[in-house]
Amino acid sequence: MMMLQDGSVQLLCLTASSGVPLFTRGASKQLPFSVIGSLNGVHMFGAGQGVVLSSSETDRGSKVVWRVFQDSVMLIAVSGGHKGGSNEDLHLRRLLENVWNSMVLVLGQDELANVRNVERLKRDLRSCYRLIDQLLEERLEGTMGDLTHCADCLVPPNSTLLQEALVGFTQAADSEFGCLMIHGRIAVATEKWWRLAPQEVVLLSALTRSLSLSGSVSCDYPVFLPQGSPTVAHRLLRFQLLPGADVCMLCGPSPSLHRAESELVGRYWSPLVEALRGCLAVGERCLPNTVSLRSDVLALLFINRESRRSISCVKSITSATPIDAPEPSRSRCWELLRLFYTFTTTRYFSLEEAPAAASPGEGAPQGDTLHEDFALGFSHQPLQCYLVTEECKCFGLQTPQHQLYLLTPLSVPTFTLRSVATQTLSAITTATA
């Protein structure tokens, strides 16, 4: 039935009541209309029998996940097969949740929950494509927030100076919500920015990255907060300080984009050009050079469970890699890191979730359906786990405040994985304290 390429994902959006297609994004080879109709029909048939169909797998290994939001919009994700097997469920469910909230972020909940004119909604949804495509691309490489629902962060070498400038900048614009992003990751943010729902922070970061890719140096963009303000729009002002460095803030009717750009940006950020360049130098490592990481760490994901912030990075593969034990490529390391996170959180560790006070527009399913059944029988909470694959070795550990996921080369002795992880955790927590 499914003819997508292995690992590719196609996203379908339809009206929940009539099954009218609204848009399709993702895989280059689109599913035939008959298949789309069948996917919608089998879900509607189940609903008529009192059964909620949430996911299924075809005999060719394709995965299908359905989700209805606000009894108005149905989202369907179809994966053409993935080496992650059952782990793909979490990836696809998070994708549907992120896409719905992206639509709310751009259009507002009212327009989506009360569809009055389907053709008009189709046209309006085009403004969401850039953000949705960004979320689809992030499944492949670069960031983890779309999966973990933790903000992707970077540790700047001069955080105090940057924090003071950001607070002054936002206060001068009569705002309390602002953040500085370096290479698409949050370097510093105001206290009120961190009080936004974790998924809102993740989506605003993704939106800022997509706006940066458009080539504009500044923009004034209306946004709705999916949980905090799904029906009343705020203004997202974004300014490029240097290539790769952006500052953004949420505000009301004032200041105007021109006033903020001409009067405030230069006043607060021109004196910090060198400090910003120091942040840019940190690059995709996300940690300053003062933080020493072991050479046998291929990739890592560090999560602060209390603040819902994360740091993730993949090291550059050296040409000195032994021929008999080649290391995975950078893109493959990102993929393996995501798979190991999913494997671990659906079996052993706590799957961190946003606070329970979710927006009615979020359409969250009832109950925890993301964990494997056998994990429910554990009489304790596992604190460490490891996995040996044909490509690398993986180790995960969690404390009451942190989680750490590591990939190492196959050459690292298995019995040393725990010490590698504890040393890495200590180095990162010291830098982020």
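Use the structure listed above.
The residue numbering used here restarts from 1 in each chain and proceeds along that chain's sequence as written. With pLDDT at 70 or above as the cut-off, local features in this predicted model cover only qualifying residues; side-chain atom pairs require 80 or more to be listed or tallied, and sums for whole chains, interfaces and linings still use all residues. By convention in this description, side-chain values take in all heavy atoms of the structure and omit both hydrogens and water.

Novice: How would you explain unusual backbone geometry if you had to name every residue and give the values?
Specialist: The linkage connecting Ser254 with the following residue, Pro255, adopts the cis geometry, with an omega of 0°. For the purposes of this entry, the term helix denotes a DSSP run of H or I that reaches at least four residues, the term strand denotes a run of E that reaches at least two, and both are numbered from the N terminus. Its location among the elements puts Pro255 in the loop between strand S11 (245–251) and helix H10 (257–269). Phi is positive for His183, which is not a glycine, with a value near 50°. For His183, the position within the fold is in the loop between strand S7 (177–182) and strand S8 (185–189). With a relative accessible area of 36%, His183 lands in the partly exposed category. A 1.4 Å probe rolled over the protein chains alone gives each residue an accessible area, and that area as a share of the maximum for its type sets the label: buried under 20%, exposed over 50%, partly exposed in between.

Novice: Which residues make up the nonpolar core, and what values go with them?
Specialist: To qualify as a nonpolar core, a set must consist of buried Ala, Val, Leu, Ile, Met, Phe, Trp, Tyr and Cys residues joined through side-chain atoms within 4.5 Å. Judged by nonpolar contacts, the single largest core of 50 residues is most densely connected at Phe23, Leu75, Met103, Leu125, Ile186 and Trp193. Broken down by element, this core gets its largest block of residues, 10 residues, from helix H2 (residues 88–107). Ignoring anything within four residues of it in the chain, the contact list for Ile186 reads Ala151, Asp152, Cys153, Leu154, Cys179, Leu180, Met181, Trp193, Trp194, Val201 and Ser205. Residue contacts follow a heavy-atom distance rule, with two residues in contact if any of their heavy atoms lie within 4.5 Å.

Novice: Give a detailed account of the packing of aromatic side chains, specifying residues and quantitative values.
Specialist: Ring pairs shown here join Phe, Tyr and Trp side chains whose ring centres sit within 6.5 Å, with only the six-membered ring taken for Trp; geometry is labelled stacked below 30 degrees between planes, edge-to-face above 60, and tilted in between. Tallying each qualifying case throughout the model produces 9 aromatic pairs. An angle of 70° between the planes, with centres 6.1 Å apart, marks the rings of Phe169 and Trp269 as edge-to-face. One end of the pair, Phe169, is in helix H7 (residues 159–172); the other, Trp269, is in helix H10, and 100 residues separate them in sequence. With a relative accessible area of 0%, Phe169 lands in the buried category. Of the residues examined, Trp269 reaches a relative accessible area of 2% and is grouped as buried. Put simply, the rings of Phe169, Phe239, Tyr268 and Trp269 touch in pairs and so form one group of aromatic residues. A positively charged side chain is recorded as over a ring if its NZ (Lys) or CZ (Arg) lies within 6 Å of the ring centre. The angle to the ring normal must also be within 35 degrees. If you follow Arg25 out to its NZ or CZ, it ends over the ring of Tyr129, 4.2 Å from the centre. The cationic tip of Arg309 hangs over the ring face of Trp194; the distance from NZ or CZ to the ring centre is 3.7 Å.

Novice: So what about a nonpolar patch on the surface? Which residues, and what values?
Specialist: Distance thresholds for patches are 9 Å for like charges and 5 Å for nonpolar side chains (Val, Leu, Ile, Met, Phe, Trp, Tyr), applied to residues having over 30% relative accessible area and no salt bridge. Residue exposure ignores everything except the shown protein chains as possible cover, and the areas themselves are Shrake-Rupley values with a 1.4 Å probe. Any carboxyl oxygen of Asp or Glu within 4 Å of a side-chain nitrogen of Lys or Arg constitutes a salt bridge here. Together, Tyr386, Val388 and Leu410 make up an exposed nonpolar region whose accessible area comes to about 280 Å². Within the fold, Tyr386 resides in strand S14 (residues 384–388).

Novice: Explain the sheet that holds strand S6 (residues 151–152) residue by residue, including any values.
Specialist: Two strands form a pair only when DSSP identifies at least two bridges running between them. Taken in spatial order, the 6 strands line up as S6-S13-S12-S16-S15-S14 in an open sheet, and their pairing is mixed. A strand with exactly one partner marks an edge of an open sheet, and here the two such strands are S6 and S14. Pairing analysis gives 6 bridges linking strand S15 (residues 393–398) to strand S16 (residues 402–408), with the strands arranged antiparallel. Note on S16: the bridge partner recorded for Leu397 is Leu404. Against the sheet, helix H12 (residues 330–345) engages strand S12 (299–304), strand S13 (309–314), S14, S15 and S16, with an angle of about 135° to S16. Between N-to-C directions, angles cover 0 to 180 degrees, with each direction set by a line fitted to C-alpha atoms, over the stretch in contact for helices. Sheet contacts for helix H13 (residues 417–432): S12, S13, S14, S15 and S16; angle to S16, the most-contacted strand, approximately 130°.

Novice: Quick rundown of the sheet that holds S11? Include the residues and the values.
Specialist: What the 5 strands build is an open sheet, ordered S8-S7-S11-S10-S9; its pairing is antiparallel. Single-partner strands in this sheet number two, and they are S8 and strand S9 (218–225). Going across the sheet, the axis of each strand differs from the next one's by a mean of 30°, ignoring polarity. Inspection of the sheet shows S7 paired to S11 by 6 bridges, in the antiparallel sense. Its bridge partner being in S11, Cys179 is matched across the sheet by Cys248. Across the sheet, helix H11 (residues 273–282) lies against S7, strand S10 (229–242) and S11, angled at about 100° from S10, the strand it touches most.

Novice: Before we move on, can you summarise the pairing of S8 with the specific residues and values?
Specialist: Where a strand is regular, its side chains alternate between the two sheet faces. Of all 5 residues in S8, 5 are buried, a share of seventy percent or more. Here S7 pairs with S8 via 4 bridges, running antiparallel. Bridge pairing in S8 links Leu180 to Val188.

Novice: Tell me about the packing of H7 against H10, and please be specific about residues and values.
Specialist: With their axes 10 Å apart at the nearest point, H7 and H10 run at an angle of 155° to one another. Overall, the two elements H7 and H10 adopt an arrangement that is roughly antiparallel. Note on packing geometry: the crossing formed by H7 with H10 is right-handed. On the side of H7, the interface is formed by Leu162, Ala165, Leu166, Gly168, Phe169 and Ala172, while H10 contributes Arg259, Leu264, Val265, Tyr268 and Trp269. Following the grouping adopted for this structure description, the nonpolar residues are Ala, Val, Leu, Ile, Met, Phe, Trp, Tyr, Cys and Pro, the charged ones are Asp, Glu, Lys and Arg, and the polar ones are all others, Gly among them. Here the contact of H7 with H10 is composed, by residue class, of 9 nonpolar, 1 polar and 1 charged. By definition in this entry, angles of less than 35 degrees are roughly parallel, angles greater than 145 are roughly antiparallel, angles of 65 to 115 are roughly perpendicular, and the rest are oblique. Rotating anticlockwise by less than a right angle from the far helix to the near helix defines a left-handed crossing, while the corresponding clockwise rotation defines a right-handed one.

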